[in-house]
Structures are given as C-alpha cells and as structure tokens.
Amino acid sequence: MSRVAIRNWQIRWPWLLVGLVFLAGLFILRFLPAGQTRFAVDEAHHSGWALLIAHGDPFMRTIAADKPPQLYYLVAASFKLFGDSEVAARLPNTILGVLLLLPLWGLARRLYPAQPGVALLTCGLFAFSPLAQIYAPTVFTDPLMAFWLVVCAWLVTARRWFWAGIALGLAICGKQQALFFLPFPVFLAGLALLWDSSFKLKILFRKLLRVVSQVVAGTALPVLVVFLFDKWRGQTSSLAYGAALNGDKLGLAAPTAWVSRLGNWWERVLQYFFIPNPFGLLLLALLVIYSGWVIRQLIQARFYLPIKLRKQDPAEGFGRLTDLALIAGIIVVLAWHTAMTFPVWDRYLLPMVPFAALLVARALVWVAGLLLPRFKRFNLKLAGIALVTFALIVVPLAQAESDQLPLGGDYLAFSGRGPGAHHAYDGIEQLATFFKNNAPPGSVVFHEEMDWHFSYYLFGLPIQIPSNHSQPLDPAVVAKAANGPTPAYVVFADWQKASYERLSKGLAVSHLWLEEAYDVYPGNGERLSFAVYRVTSI
C-alpha cells in the first residue's frame, strides 16, 4: 500500500469508526421494540409459515403463499439460529432497516457528489424517520422490498445494469408491489443514460437497448427462480396468486374522492415520514417551494440549463436533473396511490421514505445556501439547520419507539379503536400457554378471525383449529364438536362481545352454554383481552 493510500486511510478510519458506531446505535434503536408488542395479523401469518418451513415443510409444499417466499425463508433461518420467538422473527427486517443506510449513502454520494452534506442529511432523515422506525422491527414484506429498491437505485447510478436488474427482481420477489415504485429507479436510469450520452439518437438508442436487455435479464433471474420453485413444489405461483388477489381489489377511485384520498395519505402516512404536524406542514411547504424553484429554473432556461451546466458545473447540472427525477417519481407514485383504490395504509408508502429523504436533504442544503448570505461558513449554517430538523424529529421518533403514534399494522387493523390500537393481541402468548397445559390432545378450538395468529402462537399443539378467517361461528358446528369425544373450546377477543352473545343464544337451542375456562388480563391486568370458553351441557 502506498504512503498516500496509508495517509488517506489514516484520515478516513475515524469516520469509518463513527459510521460503524452509528449503525450499531441505530440497530439497538430499531431492535429495542422487537419484543414489546404481539404480532399484527400479517406478521403472525408470515411467521406461521416461517415456523412451518423451519419445522416440517422446508419446501413449502403445503403452503399456498400469496407473496414470494423470500421473507419467509429469512425468518425461518432466524428461527433456526435464535429459536422460535417474536424477537427472532423480527430480526431480519431490523437488520435490513439498518443496512439500507449503506446503499442509501452510496446513492446520495453518486447523485450529489459535490455535496456530502446531502448524503449525511439523507441517512439521518431515514434513520430517524418515525415510519421507518415503526416498521423496521416487524415481519411485514414492505421493509424487505424497500431495501432492494434502494439497492437497485444505487446500482443504477453506478451503471451496474445487470446487478440493478437483480436487485429489482429481488424487490419484486420480496413483494409484488415493488412494481408501483418503478418510477424512482426508472427515472434515475433515464437520467444516467441521457447524461452519459452524446444526445445522438442512434447512439442513444443502441445504448438504451443494451441497458434494457441487461436490466431485463437481471430482473428475470430471481423472478424465474421463484416461478420454477413454486412449480416444483406443486403450488400456484406466489407471484401470480398475490397479484390476482390484489388485482381484484384494485381499480380506479372515483375522481371526486381523489382530493380526500390525498388528504388521507398526508394525514395518516406522509406527515410521519419525518416531522408530523404542525411542523410537518412547514417541511411540506419547503419541499413545494424548492420543487417549484427547480422546475422554474429549468423552464426559464428552456430546459437547456443542465446542458449548459454539464460543461460549466457538471455536478450541479446532474444534481438539478436528479432533483427533477425525484420530484417526478414522488408525484407519479403519489398520483396512482391516490387515483387508484389502494387502501390508505402507512406501510404501502414505506419504500418512498428514502427517496423523499434525498429530496428533503437537498432542499435543506438549498436553504442553507440562501440563509444569511453574508455569513460565509456554509457548513456551520447547514449544521444549524440539521440540528433544528433533527431536534423536531426526536419527539416523534421517541413516540414511534414506544408505540404512541397512530402507525403500524396492528393500529391500522383496528382503525385505532380502543385497545386495538397497538395492544389488540396482548396476552395471546398466555392463551397459548393455557391450551398447551390444559387442552387434551384432539381438542377443538373455535374462533373468529384468529386463523393467522393461531397458526403461529398455537403452532405444533395437538389440537384441532377449524379455519375461520372472517365468518360468524355456526352454532350447529360448535354443538356437534361439543358432543364429540374431545372438549370443544371457543376463544373470543375483547372486541368480539357481539359474537359471544350471538353464539350463546345459538347454543342455548341445543341446551349448551359457554362455560368460562380462562381469562387473559395482560400487562397491569386492567382489561380483559381474551376469554376462553368451554362448550358444556346446561
């Protein structure tokens, strides 16, 4: 190694150490809530399949999955390494939520090479994003998809077209909805092609064909692997099955609802990207003003500005076009999430957070340049703006850490009603312990809407759990099981009081009643979360 290289390493290794310490601290921050709450519905569903992979069906021959198996195998591997627990299930996404900063840093440095402050601010904004914090320690597929989309964008800017295709394929094989975020890597790829080319159509067309063929080949590889795996295991393609399920529910929303839907996206999701209201409105205003300034500059120069800057200041010219690509990507993604009948669920926009962080960081750097023009120390001005910004994020980040924000799969599943906000399934592990210790083999356990939770929490118990995803219990079916050779139990959650009363009346006709067998009072014991009843004769 040369003296110059040694000298550069000596200069840089402290910053490398700082970066490693920051990543370690972020991992701790992300991982602390991993065992605080019970699984949301989809988390239990995914974890139940991962248990089946880890303990009995490693090739998913009995699983008709509606999403590609990438996350399930990661969680199953975590179960094998660290034991079967909620914490182990949430570990893979937690790690990916931290590692995402590495390609995000690389992406920011390639897009804005003359402004290292943009990379620092971008990584800081994503690291402390309340929405990113909420979904890092979960078993949803969205964090996995977001990770691969950022890797894809980074590889696009590095002109590694085949590997960018691989990353895009892995994003699609994480969750099919990655296709709805294609504007970000596609616009950045278009920008890179135009910037590298001589603007001669023949040369540009040849290069475009070469790039597209490499990206398509890379994307096809993981998609083909998943397709062949599904065919080999004798199940419907997870990619096609999930697309069909979601496609049936997806259509064009009524135009009269677009404004209200956009308002709902802001109120329920977008404001929690970084700083919630009321300061979130100021950040939104800054983004709108900066975006307007970027577009106005280009229009005034009749879009020749980047070409002029390409010769005079290449980094700034590329930066202006990058801003435009990010603005266009955000507008397109928001437009079809508003105009189409996507449910207004916070995790559906999670992959947009890192790209929005890039634009916010760029806007903050722009403000630093305008602020106090006579004060020449730009880095100090930027540091002051960054300090104020992160000071405003600290409180919502702490609230996200302790589940005090109206975010998360468990909150949305119950529309924020009562204890259903973040603690709907508290105590379900006690329920599992009860059945493990008290239910004879072959016992029948009835429920409403608990299929996916029982697939995880009651996994491996020698009991029968009739599937019932959403239908009211049929008293005749319950009565027939009660007259069988093994006990019949019914489980109701605290939000299912009406179901309890309806079944009680139906069983009374058959001279049966619901005898209380076990009550679950989680936490401080102030509320009943679950009740177990044994069906007995009057």
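Residues numbered from 1 in each chain as written. Predicted model: local features only at pLDDT ≥ 70, side-chain atom pairs only at ≥ 80, totals over all residues. Heavy atoms only, no water.

> Looking at this model, I keep getting lost on the overall build of the protein chain. Mind explaining?
A tally of regular secondary structure across the protein chain gives 23 helices and four strands. Against the globule reference of 24 Å for 538 residues, the protein chain gives a C-alpha radius of gyration of 26 Å, in line with a compact fold. Taking the principal axes of its C-alpha atoms as reference, the protein chain extends roughly 90 × 60 × 50 Å. Each of the 538 residues in the protein chain was classed as buried or not, and the buried ones make up 50%. If you take every contact in the protein chain between residues at least 6 apart in sequence, the share linking residues at least 24 apart comes to 73%. Accessible surface computed for the protein chain: about 25400 Å², of which carbon and sulfur atoms make up 67%. Both charge centroids of the protein chain, one from 44 positive and one from 30 negative side chains, sit 21 Å from each other. (Helix = DSSP H or I, 4+ residues; strand = E, 2+ residues; numbered from the N terminus. Rg over C-alpha atoms; globule rule 2.2 N^0.38 Å. Buried < 20%, exposed > 50% of the residue type's maximum accessible area, 1.4 Å probe, protein only. Contact = heavy atoms within 4.5 Å. Areas by Shrake-Rupley, 256 points an atom, 1.4 Å probe, with all protein chains shown as cover. Lys, Arg positive; Asp, Glu negative; His and termini not counted. Charge placed at Lys NZ, Arg CZ, Asp CG, Glu CD.)

> What's the story with the packing of helix α5 (residues 101–111) against helix α8 (residues 142–157) in this structure? I'm lost.
How two helices pack is summed up by the angle between their axes together with the distance between the axes. One way to put it is that α5 packs onto α8 with a least axis distance of 9 Å and a crossing angle of 35°. As α5 packs across α8, the resulting crossing turns out to be left-handed. When α5 is examined against α8, the residues Pro103, Leu104, Gly106, Leu107, Arg110 and Leu111 are found in contact with a partner set consisting of Val150, Val151, Ala153, Trp154 and Thr157. Classifying every residue of the contact of α5 with α8 gives eight nonpolar, two polar and one charged. (Axes fitted to C-alpha atoms, helices over the stretch in contact; angles between N-to-C directions. Left-handed = near helix turned anticlockwise from the far one by under 90°. Nonpolar A, V, L, I, M, F, W, Y, C, P; charged D, E, K, R; others polar.)

> Looking at this structure, how should I read the pattern of salt bridges?
When the charged atoms of two side chains with opposite charge come close together, those side chains can pair. Taken as a whole, this structure holds 10 salt bridges when the rule is applied. Note that Asp230 is salt-bridged to Arg233, the shortest N-O span being 2.8 Å. On the basis of relative accessibility, which here comes to 3%, the residue Arg233 falls in the buried class. Salt bridges here are not isolated pairs; linked through shared partners, they connect Asp42, Asp142, Lys175 and Arg347. (Salt bridge = Lys/Arg side-chain N within 4 Å of Asp/Glu carboxyl O.)

> Is there a simple way to think about the pairing of strand β2 (residues 488–493) in this case?
On any regular strand, side chains alternate: one points to one face of the sheet, the next to the other face. By the criterion of burial, β2 is predominantly enclosed, with six of the six residues buried. Side chains Ala488, Val490 and Phe492 project from β2 onto one buried face, and the interleaved Tyr489, Val491 and Ala493 project onto a second face that is buried too. The pairing of strand β1 (residues 444–446) with β2 spans three bridges and is parallel. Note that in β2 the partner of Val445 across the bridge is Tyr489. Alignment of β2 against strand β4 (residues 530–537), held across five bridges, turns out to be antiparallel. Paired with Tyr489 across the bridge in β4 is Arg534. (Pairing = 2+ DSSP bridges.)

> Where do I start with the sheet that holds β2 in this structure?
Think of a sheet as strands paired side by side through backbone hydrogen bonds, with each pair either parallel or antiparallel. Taken together, four strands build an open sheet; the order of strands is β1-β2-β4-β3 and the sheet is mixed. Every other strand in the sheet has two partners, leaving β1 and β3 (512–520) as the edge strands with one partner each. Adjacent strand axes in the sheet meet at a mean angle of 30° when their direction is disregarded. Both β3 and β4 contribute to a ladder of eight bridges, which runs antiparallel. What sits directly across from Leu512, in β4, is Ser537. Packed on one face of the sheet, helix α23 (residues 497–508) meets β2, β3 and β4 and runs near 150° to β3.

> Help me out: how do you make sense of helix α11 (residues 201–232) in this one?
Think of an α-helix as turning once every 3.6 residues; residues three or four places apart then point the same way. When the terminal C-alpha atoms of α11 are compared, their 45 Å separation across 32 residues agrees well with the 46 Å that a helix rising 1.5 Å per residue should span. Maximum bend of α11: about 25°, positioned at Leu221, with proline Pro222 one to four residues after it. Listed as buried for α11 are Leu204, Val211, Gly218, Thr219, Pro222, Val226 and Asp230. Downstream of α11 by a residue or two, Gly234 has a phi angle that is positive, lying close to 80°. (Expected span 1.5 Å × (residues − 1). Bend = angle between axes of the 7 residues up to and from the residue.)

> Could you clarify how one ought to interpret the nonpolar core in this entry?
Here is a general trend for soluble globular proteins: nonpolar side chains tend to be buried in one another's company. If you look at the biggest cluster of nonpolar residues, it comprises 142 residues, and the most contacted ones within it are Phe79, Phe273, Phe274, Met352, Leu431, Phe435 and Phe530. Looking at this core, the element that brings in the most residues is helix α17 (residues 353–370), giving 13 residues. Residue contacts for Phe274: discarding those within four places in its chain leaves Leu125, Ser129, Pro130, Leu283, Val353, Ala356, Ala357, Val360, Ile393 and Pro396. (Core = buried A, V, L, I, M, F, W, Y, C linked by side-chain atoms within 4.5 Å.)

> Whenever I open this one, the packing of helix α6 (residues 116–127) against α17 confuses me. Can you help?
Where α6 contacts α17, the axes come no closer than 8 Å and their chain directions differ by 135°. Regarding the angle of α6 to α17, the classification is oblique. Between α6 and α17 the crossing geometry is right-handed. Between α6 and α17, the contacting residues are Val118, Leu121, Thr122, Leu125 and Phe126 on the first element and Val353, Pro354, Ala357, Leu358, Val360, Ala361, Arg362, Leu364 and Val365 on the second. The residue inventory of the contact of α6 with α17, partitioned by class, reads 12 nonpolar, one polar and one charged. (Parallel < 35°, antiparallel > 145°, perpendicular 65-115°, else oblique.)

> Help me understand empty space enclosed by the protein in this model?
If a probe as big as a water molecule is rolled over the atoms, it shows which places are left empty. Under the counting rule described, the total for this entry stands at four cavities of 30 Å³ or more. Looking at the largest cavity, its volume works out to about 200 Å³. Lining of the largest cavity is provided by 20 residues; of these, Thr37, Ile134, Pro137, Thr138 and Asp403 occupy positions nearest its centre. Where the lining of the largest cavity is concerned, the elements lending two or more residues are α7 (130–135), α18 (378–401) and α19 (409–413). Ranked by the residues each element gives to the lining of the largest cavity, the list is headed by α7, at three residues. For the lining of the largest cavity, a count of residues per class yields eight nonpolar, six polar and six charged. As a volume, the second largest cavity reaches approximately 110 Å³. Going through the elements one at a time, α4 (86–99), α7 and α8 are the ones with two or more residues in the lining of the second largest cavity. For the lining of the second largest cavity, the per-class residue count stands at 10 nonpolar, two polar and one charged. (1 Å grid on protein atoms, 1.4 Å probe; cavity = no way out; pocket = protein on both sides within 12 Å on 5 of 7 lines; lining within 4 Å. Points joined across faces, edges and corners; volume = space filled by probe spheres on them.)

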